[in-house]
Structure formats: C-alpha cells, structure tokens
Amino acid sequence: MTILWIKALHIFFMVAWMSGLFYLPRLMVYHAQTDVQAVKDQFKIMERRLWYFITPFAILTLVFGVWLISLYGKEWFVAAKWLHLKLTLVSVVYIYHFYLFKLLRTFANDQNTHSPRFFRFLNEAPVLIVLAIIVLASVKFL
C-alpha cells in the first residue's frame, strides 16, 4: 500500500511541476513582447515567483521517484529498460528547468536577446518530451 501512496505523490508533484514549466515560458513570451518598463518589472516578479514556486515540486518529484525505484529494487531497475529511457528524458526536463532559470536571470537584468517566437517554441517543445515520459511510464514497453 505504501508504494501506491509514494507513486501518487510522485505523480502529483510531477503534474504541479509541469504546470509551472509550461506556464513560465508563456510568461516569457509576453515579457519579450513588451517595451513598457513597468510591465517588464511586473513580469520579472511573476517569473521569479513562479520559478521558485515550482522548484520544490521538481525536487519532490525527484525524491519520490528515487524512493519508488529503491522500493522496487535493484533487479527491477536493471530489467526495466523503459525506465532508463524515461530517466534520460527526465534529465532533459531538469536541464530545461534550469535553463529557464538562466533565461529568468537575463530578463531580470533586462538583457534578453530572444524573440517572442523563440519563447513560443520553448513553451511548446517540452510537451513532446513529457508525452514520451508518460507513455514510457504507462505502457512500459522496452
């Protein structure tokens, strides 16, 4: 029964984290479109608060995921080839998370050089990675 609770919490924190990761670049799209300093300053606050709000979810997703793996055991981990691919994709999402922080810092210093179109792509591309992660975790092929 414990493993089901840990799995439920892992999924909950992942969903909360992904919600923020999908919204943060959308804020950056709007931030990149404006030339009004007062609006830019408001976006800086919103982006910073959102990033710091979702980062604990990223950490808790990792904690509960590692806990799940440890409960299933080493033999299961070695045999679960789908999980190895999933963990590779999850690593990409964590890199993306911290890349957004780098972008957040450039906005905070009014040094953004990217177009709104760049941020639109940045907002939409991770959806495919998350879809692949969910399919791997649900179907468990490989």
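Refer to the structure presented above.
Residues numbered from 1 in each chain as written. Predicted model: local features only at pLDDT ≥ 70, side-chain atom pairs only at ≥ 80, totals over all residues. Heavy atoms only, no water.

Novice: So what about the packing of helix α1 (residues 2–33) against helix α2 (residues 37–72)? Which residues, and what values?
Specialist: When two helices pack together, their arrangement is captured by the angle between the axes and the distance separating the axes. At a closest axis distance of 7 Å, the pairing of α1 and α2 adopts a crossing angle of 155°. Our classification of the angle between α1 and α2 gives roughly antiparallel. Seen from above, α1 lies across α2 with left-handed handedness. Looking at the contact of α1 with α2 residue by residue, the classes come out as 26 nonpolar, five polar and four charged. (Axes fitted to C-alpha atoms, helices over the stretch in contact; angles between N-to-C directions. Helix = DSSP H or I, 4+ residues; strand = E, 2+ residues; numbered from the N terminus. Parallel < 35°, antiparallel > 145°, perpendicular 65-115°, else oblique. Left-handed = near helix turned anticlockwise from the far one by under 90°. Nonpolar A, V, L, I, M, F, W, Y, C, P; charged D, E, K, R; others polar.)

Novice: Lay out the environment of Asp-41 with the relevant residues and their values.
Specialist: When you line up the elements, Asp-41 lands in helix α2. Asp-41 gets classed as partly exposed once you look at its relative accessible area, which sits at 33%. Put simply, Asp-41 and Leu-89 are 48 residues apart on the chain and 34 Å apart in space, counted from C-alpha to C-alpha. (Buried < 20%, exposed > 50% of the residue type's maximum accessible area, 1.4 Å probe, protein only.)

Novice: Lay out the pattern of salt bridges with the relevant residues and their values.
Specialist: Scanning the model with the defined rule gives three salt bridges in all. Of the charged contacts, one joins Asp-110 and Lys-44 as a salt bridge, the two residues approaching to 3.0 Å between their closest N and O atoms. One end of the pair, Asp-110, is in the loop between α4 (81–108) and α5 (116–124); the other, Lys-44, is in helix α2, and 66 residues separate them in sequence. With a relative accessible area of 41%, Asp-110 lands in the partly exposed category. One network of salt bridges, with partners in common, ties together Asp-41, Lys-44 and Asp-110. (Salt bridge = Lys/Arg side-chain N within 4 Å of Asp/Glu carboxyl O.)

Novice: Residue-level account of α4, with values.
Specialist: Owing to its 3.6 residues per turn, the α-helix brings residues three or four apart onto one side. A rise of 1.5 Å per residue sets the reference length of α4, with its 28 residues, at 40 Å; its end C-alpha atoms lie 41 Å apart and thus fit the reference within 8%. Just downstream of α4 lies Asp-110, where phi reads positive at about 55°. (Expected span 1.5 Å × (residues − 1).)

Novice: Please provide a residue-by-residue account of the nonpolar core, values included.
Specialist: In globular proteins that are soluble, nonpolar side chains generally tend to be buried together. Judged by nonpolar contacts, the single largest core of 35 residues is most densely connected at Trp-17, Leu-21, Met-28, Leu-100 and Phe-119. The set of elements that each furnish at least two residues to this core consists of α1, α2, α4, α5 and α6 (126–139). If you tally residues by element for this core, the top one is α4, at 11 residues. The contact partners of Trp-17, leaving out residues within four places of it in the chain, are Ile-54, Phe-57, Ala-58, Thr-61, Val-93, Tyr-94 and His-97. (Core = buried A, V, L, I, M, F, W, Y, C linked by side-chain atoms within 4.5 Å. Contact = heavy atoms within 4.5 Å.)

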